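Listed here are the chains, written in short residue letters.
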Amino acid sequence: MPVTGGTGTLGAAVARHLAAGHGVRHLLLVSRRGMAATGAEELCAELGQAGVSVSVAACDVADRAQVAALLEQVPAEHPLTAVVHTAGVLDDATVACLNREKIDAVVGAKVDGALHLHELTAGMDLSAFVLFSSAAGVLGSPGQGNYAAANAALDALAHQRRAAGLPALSLAWGLWEEASGMTGHLDAGDRHRITRSGLHPLTTPDALALLDTALVTGRPALLPADLRPTHPAPPLLEHLAPARTSPRTAHTGTSAGAGQDVSLADRLATLTPEQQHDTLFTVVRTQIATVLGHQTPEAVPADSAFRDLGFDSLTAVELRNRLSRATGLRLPATLAFDHPTATALTRHLLTRLLPDDAATAPPEQSLFAEIGRLEAVLSSVASPLPGAQGLGEEARSRLASRLRSLAQVLGGEEAPRPDLGEATDEEMFALIDQETGSP
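Chemist: Even after reading the chapter, I still don't get the packing of helix 4 (residues 100-120) against helix 6 (residues 145-163), so can you show me in this structure?
Modeler: The description of two packed helices rests on the angle between their axes and on the distance between the axes. Interhelical geometry of helix 4 versus helix 6 gives an angle of 15° and a closest axis separation of 8 Å. Considering their axes alone, helix 4 and helix 6 lie roughly parallel with respect to each other. Along this stretch, helix 4 crosses helix 6, giving a crossing that reads as right-handed. Judged by residue contacts, Lys102, Ile103, Val106, Val107, Lys110, Val111, Ala114, Leu115 and His118 of helix 4 engage Asn146, Tyr147, Ala150, Asn151, Ala153, Leu154, Leu157, Gln160 and Arg161 from helix 6. The residue makeup of the contact of helix 4 with helix 6, split by class, is 11 nonpolar, 4 polar and 3 charged.

Written out as structure tokens, the structure reads:
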């Protein structure tokens, strides 16, 4: 019985389970590095002591010729009886950054490997053909469009095989608690984001118990996972089970528990300007706290830049999505970068939710909103994202001088005039406009 990815975390767990729980005595563990893979020797020794005959082969299952050569080496006295395909590769990127190389890397290990095994075992008397898919193919996963597509293809292959009367089972696994080669890079924030989506990690014993259950259901594709829908639940999960709410639900901008469908804008319209700001500020900080994994909104500083709080592109998009649901507004994906603090974001959303009030707002409110946008621009050019153009030293110096002049005007001081001998054309025309009072 070949197990692809057999020396990896999941493959090794499956190999041990097949030996201990299913009485399998001949295993062919396949990986790209073969015996050079970390832990391969120890795994072979462990299985050998349990009375299992183990062969480890180095094979890239994305290469059809290598798979064909591998199957030809299977001894006649121990013919192939089942296949378990756990191999997989991650190469995460947002859709805008996906390229052929990133797609091929993921599809090769998952889809090409499965197709090669499917085609090259045609005519063999297999009792099982198990594919390790992922919940990403069913529920989606931010930054993993290539991975989601590859796993959806595995599910489709299982249905195709079953329709042709062949054994097939594709398992769209949720996250396993035990770190593997594909999940070892996840930090606490990544795991918290996954859990917040409603997918809780599976312990290895629980996962293997689900594998046993899946094998006897007779279904071609299943999603084994610990699902606990949250608020708001992903669209595909919201009708699966009642969502678990928390005290913070009352601050999300919805009418949960109120018995009425009142929009956030309608609620704000009944409040004083100060109450409007405080209410929306609570909504904003609650969503930020949820995205970052804080227990209370108070843990979010009012004027700290989102970059400094740990936001990245994925958490910025999640915040946008949550605020879109809470406010009913169509918001850009760059929302957190355009308005980079909780205070600036609150002011911006107020102008969107209450545009009439914004038009008659005190001058200082409009000025603060403009300063918030200026802060976002300065932050983006002072600390540019990878690949973006930053400011040169000369431009920084001129900009800093201009900002100091503006600050002096705000403080009631007369702004220093530029040295006409070193002034640029722009500064000369600006001085003329100032002196003549005409644009």
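Having seen the model, we can carry on.
Chemist: Could you clarify how one ought to interpret the environment of Pro220 in this entry?
Modeler: Within the secondary structure, Pro220 is located in the loop between helix 8 (204-215) and strand 8 (221-222). What makes Pro220 buried here is its relative accessible area of 15%. Distance from Pro220 to Pro167, taken between C-alpha atoms, is 8.3 Å for residues 53 residues apart in sequence.

Chemist: What is the right way to read the packing of aromatic side chains from this model?
Modeler: Any aromatic ring pair is given by two values, namely how distant the centres are and how the planes are angled relative to each other. For the coordinates displayed, the defined rule picks out 3 aromatic pairs. Centre to centre, the rings of Trp173 and Trp176 are 5.1 Å apart; their planes meet at 75°, and the pair counts as edge-to-face. Here Trp173 falls in the buried class, since its relative accessible area comes to 5%. With a centroid separation of 5.0 Å and 45° between ring planes, the pair formed by Phe306 and Phe311 is classed as tilted. Among the residues examined, Phe306 registers a relative accessible area of 2% and is labelled buried. One aromatic cluster is present, formed by Phe132, Trp173 and Trp176 through successive ring pairs. Over the ring of Phe129 we find Arg161, and its NZ or CZ is 3.8 Å from the ring centre.

Chemist: Can you walk me through the pairing of strand 6 (residues 169-173) in this structure?
Modeler: The side chains of a regular strand alternate, first on one face of the sheet and then on the other. Counting buried positions along strand 6 yields 5 of 5 residues, so the element is predominantly enclosed. Pairing between strand 6 and strand 8: 2 bridges, direction parallel. In the sheet register, Leu171 faces strand 8, and the bridge partner there is Leu222.

Chemist: Where do I start with the environment of Leu353 in this structure?
Modeler: With respect to the helices and strands, the residue Leu353 is situated in helix 14 (residues 342-353). Excluding anything up to four places from it in sequence, Leu353 contacts Leu264, Ala265, Leu268, Leu280, Thr327 and Leu329.

Chemist: In this structure, what is going on with the pattern of salt bridges? I would like to understand it.
Modeler: Two side chains that carry opposite charge are able to pair once their charged atoms sit near each other. The tally for this structure, following the rule as stated, stands at 5 salt bridges. We note a salt bridge from Glu46 to Arg16, for which the minimum N-O separation is 2.9 Å. Taken as a pair, Glu46 in helix 2 (residues 40-49) and Arg16 in helix 1 (residues 9-22) lie far apart in primary sequence, 30 residues in all. The residue Lys102 makes a salt bridge to Asp91 at a minimum N-O spacing of 2.9 Å. Here the residue Lys102 occupies a position in helix 4, and Asp91 occupies one in the loop between strand 4 (82-85) and helix 4, the gap between them amounting to 11 residues.

Analysis parameters
Residues numbered from 1 in each chain as written. Predicted model: local features only at pLDDT ≥ 70, side-chain atom pairs only at ≥ 80, totals over all residues. Heavy atoms only, no water. Axes fitted to C-alpha atoms, helices over the stretch in contact; angles between N-to-C directions. Helix = DSSP H or I, 4+ residues; strand = E, 2+ residues; numbered from the N terminus. Parallel < 35°, antiparallel > 145°, perpendicular 65-115°, else oblique. Left-handed = near helix turned anticlockwise from the far one by under 90°. Contact = heavy atoms within 4.5 Å. Nonpolar A, V, L, I, M, F, W, Y, C, P; charged D, E, K, R; others polar. Buried < 20%, exposed > 50% of the residue type's maximum accessible area, 1.4 Å probe, protein only. Phe/Tyr/Trp six-rings, centres within 6.5 Å; stacked < 30°, edge-to-face > 60°. Lys NZ or Arg CZ within 6 Å of the ring centre and 35° of its normal. Pairing = 2+ DSSP bridges. Salt bridge = Lys/Arg side-chain N within 4 Å of Asp/Glu carboxyl O.

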